[in-house]
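What follows is each chain in one-letter form.
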Amino acid sequence: MATHLQAAGAPSPTIVFETLNAFQRTEALRAAIELDLFRFIGKGPGDAASLAQSCSASERGIRILCDFLTINGLLIKQDDRYRHTPSSAMFLDPASPACLSSITRFVCSPALTEPYTHLADIVRHGQAPGEGTVAPDNPIWVDFAHAMAPMMAPLSAPLAAMVLEGRSGPMQVLDIAVGHGLFGIAIAKQAPQAHVVAVDWAAVLEVAKSNAHQAGVADRYRTLAGSAFTVDFGGPYEIVLITNFLHHFDLATCVELLKKVHNATKPGGRVAVLEFVPNEDRISPPVAAAFSLAMLASTPSGDAYTFSELETMLHAAGFANVTQRPVPMGPHTVVMGSA
């Protein structure tokens, strides 16, 4: 895959060609998931004829698609048979408990992809038209809650362990913009005396409540429907989670929310902000830094914030002792502060 590191090498048109055709990789993977190809690859025998029959597709189409996926590192081809790579076996075969195929429902949704067809106009104006994905009660967040849970699940337990470090016993936990709810649920599972209050739009909270029930913590899981900016948080809380939320808004709006959070946090309580946090150069690490473009395309004023920016926000809201730690199993960083 082309990266900014290639810019220092000899001139080559390859990076231009590959970037202009990068959409082919997206659509090939999405087609393979739609055809359930990775399930049948896992079952074998993996030749184009048998895969075509299993997928109800043409042999020519399957051969070309599988070759393309092999070229791009998602399959292995040997003696005209295709098999999984370690990554496709874990993350794309529906037989795997870590399968991420469901995320295509969200990351490839028209609401997220359509803005890129007029990205030049967005760049000219410096923002997405209208309210973008942050419009009140946007149904896309129900899709997010359903589709993205498998991707976020591996992060939830490590994040909960970091947030709970040094804390035990009875506690009230506020989980803001919960989506799937897995982060607050992980805290409830690791801290048997923790009670979680979840904030999000009503339809999204139905997904979180279902996940809390499946996790066996529904009796310690309460919901507050509405906007995080206007709903009464109650409290005070020992721990407040703000996961994958601040990046949707400008600095001043983030500080406004964080001040409200500070008012709902016990003295000595902890706020934990989960974000894609780029380095100060804003071009590394690649996944976190590139997230800024997604915010440009889908929100009026969102961004991927550096640690220094998040630290400034938290200090402005009254939080102290701000630290950052990478979260295992993903490109995220948790930034924590004390009230």
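This write-up is about the structure you can find in this document. Owing to the predicted nature of the structure, the values given are computational and were not obtained by experimental measurement. (Residues numbered from 1 in each chain as written. Predicted model: local features only at pLDDT ≥ 70, side-chain atom pairs only at ≥ 80, totals over all residues. Heavy atoms only, no water.)

Below, the discussion takes up helix α5 (residues 59–71). In a regular helix each residue adds 1.5 Å, so 13 residues correspond to 18 Å; α5 covers 18 Å between its end C-alpha atoms and thus fits that length. Those residues of α5 that fall on the buried side of the exposure criterion are Ile62, Leu65, Cys66, Asp67 and Leu69. Gly73 sits one or two positions beyond α5 and adopts a positive phi of about 85°. (Helix = DSSP H or I, 4+ residues; strand = E, 2+ residues; numbered from the N terminus. Expected span 1.5 Å × (residues − 1). Buried < 20%, exposed > 50% of the residue type's maximum accessible area, 1.4 Å probe, protein only.)

With 13 residues, helix α15 (residues 286–298) should cover 18 Å at 1.5 Å per step; its first-to-last C-alpha distance of 19 Å lies within 8% of that length. Every buried residue of α15 is listed here: Ala288, Ala289, Phe291, Met295, Ala297 and Ser298.

With that settled, the discussion passes to the sheet that holds strand β8 (residues 320–326). Read across the open sheet, the seven strands follow the order β5-β4-β3-β6-β7-β9-β8; overall the sheet is mixed. Of all strands in the sheet, those bounded by a partner on one side alone are β5 (221–225) and β8. Averaged over all pairs of adjacent strands, the angle between their axes in this sheet comes to 20°, without regard to strand direction. When strand β6 (residues 237–243) meets strand β7 (residues 265–275), the two strands line up parallel, connected through six bridges. Bridge pairing links Tyr237 to Thr265 in β7. Contacts from helix α11 (residues 149–164) reach β3 (171–176), β6, β7, β8 and β9 (333–338) within the one sheet, and its direction differs from that of β7 by about 150°. (Pairing = 2+ DSSP bridges. Axes fitted to C-alpha atoms, helices over the stretch in contact; angles between N-to-C directions. Contact = heavy atoms within 4.5 Å.)

Per the counting criterion, the structure on display carries ten salt bridges. Two residues, Asp143 and Arg105, come together in a salt bridge whose shortest N-O distance is 2.8 Å. You can see Asp143 sitting in helix α10 (residues 140–147) and its partner Arg105 sitting in helix α7 (residues 104–107), a full 38 residues away along the chain. By relative accessible area, Asp143 is classed as partly exposed at 24%. Close ionic contact of Glu165 with Arg325 constitutes a salt bridge, the shortest N to O distance being 3.3 Å. (Salt bridge = Lys/Arg side-chain N within 4 Å of Asp/Glu carboxyl O.)

Moving on, we get to the environment of Gln214. Here Gln214 lies in helix α13 (residues 202–214). The class for Gln214 is exposed, based on a relative accessible area of 64%. Through-space distance from the C-alpha of Gln214 to that of Ala147 is 16 Å; in sequence the pair is 67 residues apart.

The next subject is the packing of aromatic side chains. Two measures describe an aromatic ring pair: the distance that separates the ring centres and the angle between the ring planes. Going through the model one piece at a time under the given rule, you end up with seven aromatic pairs. Their ring planes at 40° and their centres at 5.8 Å tell us that Phe106 and Trp141 sit as a pair that is tilted. Of this pair, Phe106 sits in helix α7 while Trp141 sits in helix α10, and the two are 35 residues apart along the sequence. Grouping residues by exposure puts Phe106 and Trp141 together as buried. An aromatic cluster is present here, built from Phe106, Trp141 and Phe144 joined pairwise through their rings. The ring of Phe233 carries the charged tip of Lys260 above its face, separated from the ring centre by 4.1 Å. (Phe/Tyr/Trp six-rings, centres within 6.5 Å; stacked < 30°, edge-to-face > 60°. Lys NZ or Arg CZ within 6 Å of the ring centre and 35° of its normal.)

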